[in-house]
Amino acid sequence: MAIQQKLGLSTRLSQRLILTPSLQQAIKLLPLTTLELAEVLEQEVMENPLLEEVPQEQPSAEEIAQEEAKTEREDILKEIDVETAPRSRSCRPSRTRSPSSPTSTTT
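Heads up: these notes are all about the structure in this document. (Residues numbered from 1 in each chain as written. Predicted model: local features only at pLDDT ≥ 70, side-chain atom pairs only at ≥ 80, totals over all residues. Heavy atoms only, no water.)

**A look at the overall build of the protein**
Regarding its fold elements, the protein presents three helices and zero strands. Listing the helices and strands of the protein from first to last along the sequence gives α-α-α. In the protein, which comprises 107 residues, the proportion classed as buried is 0%. (Helix = DSSP H or I, 4+ residues; strand = E, 2+ residues; numbered from the N terminus. Buried < 20%, exposed > 50% of the residue type's maximum accessible area, 1.4 Å probe, protein only.)

The structure is reproduced here in structure tokens:
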């Protein structure tokens, strides 16, 4: 009696989408307007005693001005077309060579 053995290799690929609780919460909150979101947050704070509302610090006028200046600088830098912008002489590599010192070879 001959014993036959089958050797084989098979692969199986599957894909599943799992809606975690945090993903479900994000799907629920994302379409809300700012007012609706504020209402939901207020309700959650009332229902859950472990949550507390921390007041946000209002940025000072100086911080706002610094942020606007930073944004303005970034916008200006984005508008500069490096390929077509004229280059100043100080940006170009020097084509003249410095005099080289004489080298001596010893044998």
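**Points about a nonpolar patch on the surface**
Nonpolar side chains collect at one region of the surface, where Leu17, Leu19, Leu23 and Ile27 lie side by side and expose about 400 Å² of accessible area between them. Counting through the fold element by element, Ile27 comes out in helix 1 (residues 21-29). (Patch = residues over 30% accessible without salt bridge, like charges linked within 9 Å, V, L, I, M, F, W, Y side chains within 5 Å. Areas by Shrake-Rupley, 256 points an atom, 1.4 Å probe, with all protein chains shown as cover. Salt bridge = Lys/Arg side-chain N within 4 Å of Asp/Glu carboxyl O.)

**A closer look at the environment of Glu53**
Along the chain, Glu53 turns up in the loop between helix 2 (34-47) and helix 3 (61-79). Taking the C-alpha atoms as reference, Glu53 lies 8.9 Å from Leu41; in sequence the two are twelve residues apart.

**Details of a negative patch on the surface**
Together, Glu67, Glu68, Glu72, Glu74, Asp75 and Glu79 make up a negatively charged patch on the protein surface. Its location among the elements puts Glu74 in helix 3. (Lys, Arg positive; Asp, Glu negative; His and termini not counted. Charge placed at Lys NZ, Arg CZ, Asp CG, Glu CD.)

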